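# Architecture and fold: a report
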Amino acid sequence: MKPGIHPAYGPVVFRDRAADFAFLTRSTATSDRTVEWEDGNTYPVIDVEISSASHPFYTGTARVLDTAGRVERFERRYGTRTPGGRRAAGDERGDR
């Protein structure tokens, strides 16, 4: 690496306030705010809006879309068509 052109790489605490979760890692990100960590040292802290502790994918609270139900609801609302392009028998909407 070329000396003098890279940002400082050091320990930083990332804190997710929504989940009351923080972790210490190394990063080039900096902050004016600091926090005292569990080891007694003071590190810069960066507050993030979402982390693995609060993201629905990682917490298992992600919603699964019911695609089959959506198709059925669409067909009930707008009807189905036959291969010839006409509406299926029993469709009360008729052609427009």
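The following paragraphs examine the structure supplied in this document. (Residues numbered from 1 in each chain as written. Predicted model: local features only at pLDDT ≥ 70, side-chain atom pairs only at ≥ 80, totals over all residues. Heavy atoms only, no water.)

## A look at the overall build of the chain
A count of helices and strands for the chain gives two helices and four strands. In the chain, which comprises 96 residues, the share counted as buried stands at 14%. A separation of at least 24 residues holds for 27% of the contacts in the chain among residues at least 6 apart in sequence. As displayed, the chain offers around 8,100 Å² of accessible surface, 51% of which is attributable to carbon and sulfur atoms. (Helix = DSSP H or I, 4+ residues; strand = E, 2+ residues; numbered from the N terminus. Buried < 20%, exposed > 50% of the residue type's maximum accessible area, 1.4 Å probe, protein only. Contact = heavy atoms within 4.5 Å. Areas by Shrake-Rupley, 256 points an atom, 1.4 Å probe, with all protein chains shown as cover.)

## Brief notes about the pattern of salt bridges
Scanning the entire structure with this criterion turns up three salt bridges. Close ionic contact of Asp47 with Arg17 constitutes a salt bridge, the shortest N to O distance being 3.4 Å. Within this pair, whereas Asp47 is found in strand S4 (residues 42-48), its partner Arg17 is found in the loop between strand S1 (10-16) and strand S2 (21-27), the two being separated by 30 residues in sequence. Owing to a relative accessible area of 26%, Asp47 belongs among the partly exposed residues under this scheme. It is possible to trace a salt-bridge network through shared partners that takes in Arg15, Arg17, Arg33 and Asp47. (Salt bridge = Lys/Arg side-chain N within 4 Å of Asp/Glu carboxyl O.)

## Thoughts on the sheet that holds strand S3 (residues 34-36)
Taking strand neighbours across the sheet as the criterion, the four strands line up as S2-S1-S4-S3 in an open arrangement whose pairing is mixed. Each of the sheet's edge strands pairs with one partner strand only, and the pair in question is S2 and S3. Neighbour-to-neighbour, the strand axes of this sheet turn through a mean angle of 45 degrees, independent of strand direction. Where S1 meets S4, four bridges bridge the pair, whose relative direction is parallel. Of the residues in S4, the one forming a bridge with Arg15 is Asp47. (Pairing = 2+ DSSP bridges. Axes fitted to C-alpha atoms, helices over the stretch in contact; angles between N-to-C directions.)

## So, the packing of aromatic side chains
Overall, the coordinates contain three aromatic pairs when judged by the stated rule. Between Phe14 and Phe23 the ring centres are 5.8 Å apart and the planes differ by 25 degrees, which places this aromatic pair in the stacked class. Judged by its relative accessible area of 16%, Phe14 is buried. Its relative accessible area of 34% is what places Phe23 among the partly exposed residues. Ring centres of Phe21 and Phe23 lie 5.9 Å apart, and the angle between their planes is 40 degrees; on these two criteria the pair is classed as tilted. Through a chain of ring-to-ring contacts, three or more aromatic side chains come together here, namely Phe14, Phe21 and Phe23. (Phe/Tyr/Trp six-rings, centres within 6.5 Å; stacked < 30°, edge-to-face > 60°.)

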